[in-house]
Amino acid sequence: MLVGNWKMFKTIHETRHFAEVLGRNVGKLSADIDFAVCPPYTALQVAKVVLPAQILTGAQNMHQAEDGAYTGEISASMLKELGVTYVVLGHSERRQMFAETDGGVRDKVEAAQTAGFVPIVCVGENDSEREAGQTMAVVGRQTRIALEKAAKDGDKLVVAYEPVWAIGTGKTPSPADAQAVIQGIRKVVAEVLGEDAASQVRILYGGSVKPGNIAQFVSQPDIDGALVGGASLDPESFVAMAQSMTTA
Ligand SMILES: O=C[C@H](O)COP(=O)(O)O
């Protein structure tokens, strides 16, 4: 699975251009890979209309309430109308800069699944937690709490392991280190949701993924794909990553 998280980049006009370029390159995309892009809310509609059908869309966040006085927030029913398939939840930028909590992510996961979306739950340790040897404790806690109210169906869930220190920095863990953490996350999914869900759930790696390094991550046995920020903004780079995955 290859997911582009565009963060606060791309206008409607820029999204249309990306989608048109991908449309011209659709023959290069393997049918064996699930593709998605997660544009800003304002560009979700044009992305859905112009992207090739093989590329699904995702939102970058969602409020857990059905509606209400929540200035600046967006609900599941609003995203439904936009044809969204996935919702990224608990991204470290939301945890760090917008005070998202483990319990809040758990409530959003439940609300997103109830609405029929597949949540992409992000977990990851920061630099000091890593240096203190707390990586598995942190991602284990984040995963366990996020899934407390989740469906026991691995097809309805994606988890993304994104070490905070690797996001947008050009630094990455070794593929073996990423594999070890993701294997640990899969064990936590098994504890919370059962073995069947753990074997079905897709667990992605994210953090400074590029066309030149994606193959070494997705060729690891427990890594089912990548959640990509910066390198997903350029359509040629998106296609190059898809092609590297095919040969991995
Ligand atoms: O959601 C995506 C991640 O934050 C990774 O971002 P990056 O590929 O720019 O490091």
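- In the nomenclature of an unreviewed UniProt entry, the chain is known as Triosephosphate isomerase of Alicyclobacillus mengziensis.
- Turning to the chain, the UniProt record has this under Subunit (unreviewed entry): "Homodimer."
- Turning to the chain, the UniProt record has this under Sequence similarities (unreviewed entry): "Belongs to the triosephosphate isomerase family."

### What to know about the environment of Val228
At step 1: Mapped onto the fold, Val228 is located in strand β8 (residues 226-228).
At step 2: In this structure the C-alpha to C-alpha distance between Val228 and Val158, which are 70 residues apart in sequence, comes to 14 Å.
At step 3: For Val228, the residues in contact, after removing those within four places along its chain, are Leu2, Val3, Gly4, Asn5, Val209 and Met241.

### What about the pairing of strand β2 (residues 35-38)?
At step 1: Burial of β2 is two-sided: the residues Phe35 and Val37 facing one way and the residues Ala36 and Cys38 facing the other way are all buried.
At step 2: Pairing analysis gives 4 bridges linking strand β1 (residues 2-5) to β2, with the strands arranged parallel. Bridging from a neighbouring strand, Asn5 pairs with Cys38 of β2.
At step 3: Note that β2 and strand β3 (residues 55-59) share 3 bridges and pair parallel. Paired with Ala36 across the strands is Leu56, a residue of β3.
At step 4: For the segment spanning β2, helix α2 (residues 44-50) and β3, crossover handedness is right-handed.

### Thoughts on the UniProt feature "active site" (unreviewed entry) in the chain
At step 1: As recorded in UniProt, the sites labelled "active site" (unreviewed entry) are His91 and Glu162. The named residues occupy 72 residues along the chain; their greatest pairwise C-alpha distance, 8.4 Å, places them in one compact cluster. Lining the largest pocket, from the set of annotated residues above, are His91.
At step 2: If you trace the backbone, His91 turns up in the loop between β4 (86-89) and α4 (92-97).
At step 3: When its relative accessible area of 4% is taken as the criterion, His91 is described as buried.
At step 4: Ignoring anything within four residues of it in the chain, the contact list for His91 reads Asn5, Lys7, Cys122, Glu162 and Ile167.
At step 5: Mapped onto the elements of the fold, Glu162 is located in the loop between β6 (158-161) and α8 (175-193).
At step 6: What Glu162 contacts, discounting residues up to four positions off in sequence, is His91, Cys122, Val123, Gly124, Ile167, Gly206, Gly207 and Leu227.

### Focus: the side chain of Ser92
At step 1: Here Ser92 lies in helix α4.
At step 2: Of the residues examined, Ser92 reaches a relative accessible area of 9% and is grouped as buried.
At step 3: The residues touching Ser92, leaving out its near neighbours within four places in the chain, are Val164 and Ile167.

### Thoughts on the sheet that holds β2
Hydrogen bonds between backbone groups are what pair the strands of a sheet, and the pairing can be parallel or antiparallel.
At step 1: With parallel pairing, 8 strands are arranged side by side around a closed barrel as β1-β2-β3-β4-β5-β6-β7-β8. The sheet shows a mean angle of 25° between the axes of neighbouring strands, taken without regard to direction.
At step 2: Note that β6 and strand β7 (residues 202-206) share 4 bridges and pair parallel. Residue Tyr161 lies in a different strand from β7, and its bridge partner there is Tyr205.
At step 3: The sheet contacts of α8 involve β5 (118-123), β6 and β7, and relative to β7 the element is tilted by about 145°.
At step 4: Of the strands in this sheet, β1, β2, β3 and β8 touch helix α11 (residues 235-247), which is tilted by about 155° from β1.

### A look at the layout of surface pockets
At step 1: Of the pockets and cavities examined, the largest pocket occupies roughly 460 Å³.
At step 2: Along the wall of the largest pocket there are 18 residues; nearest its centre are Lys7, Met8, Gln60, Arg94 and Phe98.
At step 3: For the lining of the largest pocket, the element with the highest residue contribution is α4, accounting for 3 residues.
At step 4: Quantified by volume, the second largest pocket comes out at close to 190 Å³.
At step 5: Lining the second largest pocket are 17 residues, with Lys7, Gly168, Ser208, Gly229 and Gly230 sitting closest to its centre.
At step 6: Taken together, the residues that form the lining of the second largest pocket break down as 6 nonpolar, 8 polar and 3 charged.

Criteria and thresholds
- Residues numbered from 1 in each chain as written.
- Predicted model: local features only at pLDDT ≥ 70, side-chain atom pairs only at ≥ 80, totals over all residues.
- Heavy atoms only, no water.
- UniProt positions renumbered as here; feature names shortened; annotations may be inferred.
- Helix = DSSP H or I, 4+ residues; strand = E, 2+ residues; numbered from the N terminus.
- Contact = heavy atoms within 4.5 Å.
- Buried < 20%, exposed > 50% of the residue type's maximum accessible area, 1.4 Å probe, protein only.
- Pairing = 2+ DSSP bridges.
- Right-handed = clockwise from strand over helix to strand, strands pointing away.
- 1 Å grid on protein atoms, 1.4 Å probe; cavity = no way out; pocket = protein on both sides within 12 Å on 5 of 7 lines; lining within 4 Å.
- Axes fitted to C-alpha atoms, helices over the stretch in contact; angles between N-to-C directions.
- Points joined across faces, edges and corners; volume = space filled by probe spheres on them.
- Nonpolar A, V, L, I, M, F, W, Y, C, P; charged D, E, K, R; others polar.

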